[in-house]
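# Notes for the structure review
Each chain is listed here by its residues.
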Amino acid sequence: MSSHTTGRTARRRTLRLAAAALIAATGLTLTACSGSGSTGMKPAAATASSGADSSAGAQGSDVTVDTKAGAAGKAASPVRTQTLVDGSKAEIYKLGPEHYRAKIVSSGSVLATMEAKGSDAGLDANGMYVVLTLDGQVRSWMGGEHQGPGTFKLAGGWKAKVTKVGDLHYRAEILGFEGSVGTLDANQHDTGANANGVYIVLSAGGVISAHQ
């Protein structure tokens, strides 16, 4: 074998060894990064699931606070449970800033679900009226209902002018001493509001009730 051939062979071996060393180093680097990432994720996941009642937990994980999302939703816990006027219970979940969900539960069964996001929510549950506010407060009562269309006196000195817009679609203009202060629009589903401590529900069937 000539000296040129020997030199080329040595250079190839050197290049192969260098490439092997580079691949090994790269593999170690990727493994280290992957391990570090996994370790860093566990505390965040634990915080989100155990802190479902905190804004940070809610913002950190959409899965753990979404009670409709299968097994992940079942793991979410209510921030509190409140007994309603008819003896059923409201399980109240915080989903984010000014975003709450309430499940109405009786004898282990979920009868209805309310969600307040961007505005308060209301429910006419067969003559029991429930309001869920943006800050997660729940009020329930019975009685005091009026069937629209018409203009009716409500608790707290308010009046409501209820008009029929269409099938299962009613609108209520809330009137104070100085005129209109707001509007409730029940289009295919009930709605509600907290009007300075007076809780109002308007159903999609045109029934309106208020409680102070």
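Look above for the structure.
Nothing here was measured: the structure is a model prediction, and the numbers come from that model.

## Regarding the side chain of His-99
- Residue position: His-99 is located in strand 3 (residues 99-106).
- Polar contacts involving the side chain of His-99 include one to the side chain of Glu-115, which spans 2.6 Å.
- Setting aside residues up to four positions removed in sequence, His-99 forms contacts with Tyr-93, Lys-94, Glu-115, Ala-116, Lys-117 and Leu-134.

## Some remarks on the sheet that holds strand 5 (residues 121-125)
- Taken together, the three strands give an open sheet; going across it, the order is 5-6-7, and neighbouring strands pair in antiparallel fashion. Both outer strands of the open sheet, strand 5 and strand 7 (138-142), are each paired with one neighbouring strand and no more. For this sheet the average axis-to-axis angle between neighbouring strands, irrespective of direction, equals 15°.
- Relative to strand 7, strand 6 (residues 128-132) is paired through five bridges, and the arrangement is antiparallel. Across the sheet, residue Val-131 finds its bridge partner in strand 7, namely Arg-139.

## Description of the pattern of salt bridges
- All told, the structure shown has two salt bridges when counted by the stated rule.
- Here Glu-115 and Arg-101 are joined by a salt bridge, their closest N and O atoms 2.8 Å apart. Of the two residues, Glu-115 sits in strand 4 (residues 109-117) while Arg-101 sits in strand 3, which places them 14 residues apart along the sequence.
- Judged by relative accessible area, Glu-115 falls into the partly exposed class, the value being 33%.
- By relative accessible area, which is 5% here, Arg-101 ends up buried.

## Digging into unusual backbone geometry
- In this model, Gly-148 is joined to Pro-149 through a cis peptide bond whose omega is 5°.
- Mapping Pro-149 onto the fold places it in the loop between strand 8 (146-147) and strand 9 (150-153).
- Even without glycine at this site, Glu-98 takes up a positive phi of about 55°.
- Classification of Glu-98 by relative accessible area gives exposed; the value is 54%.

About the thresholds
Residues numbered from 1 in each chain as written. Predicted model: local features only at pLDDT ≥ 70, side-chain atom pairs only at ≥ 80, totals over all residues. Heavy atoms only, no water. Helix = DSSP H or I, 4+ residues; strand = E, 2+ residues; numbered from the N terminus. Polar contact = N/O pair within 3.5 Å; in protein donor to acceptor, adjacent residues only side chain to side chain. Contact = heavy atoms within 4.5 Å. Pairing = 2+ DSSP bridges. Axes fitted to C-alpha atoms, helices over the stretch in contact; angles between N-to-C directions. Salt bridge = Lys/Arg side-chain N within 4 Å of Asp/Glu carboxyl O. Buried < 20%, exposed > 50% of the residue type's maximum accessible area, 1.4 Å probe, protein only.

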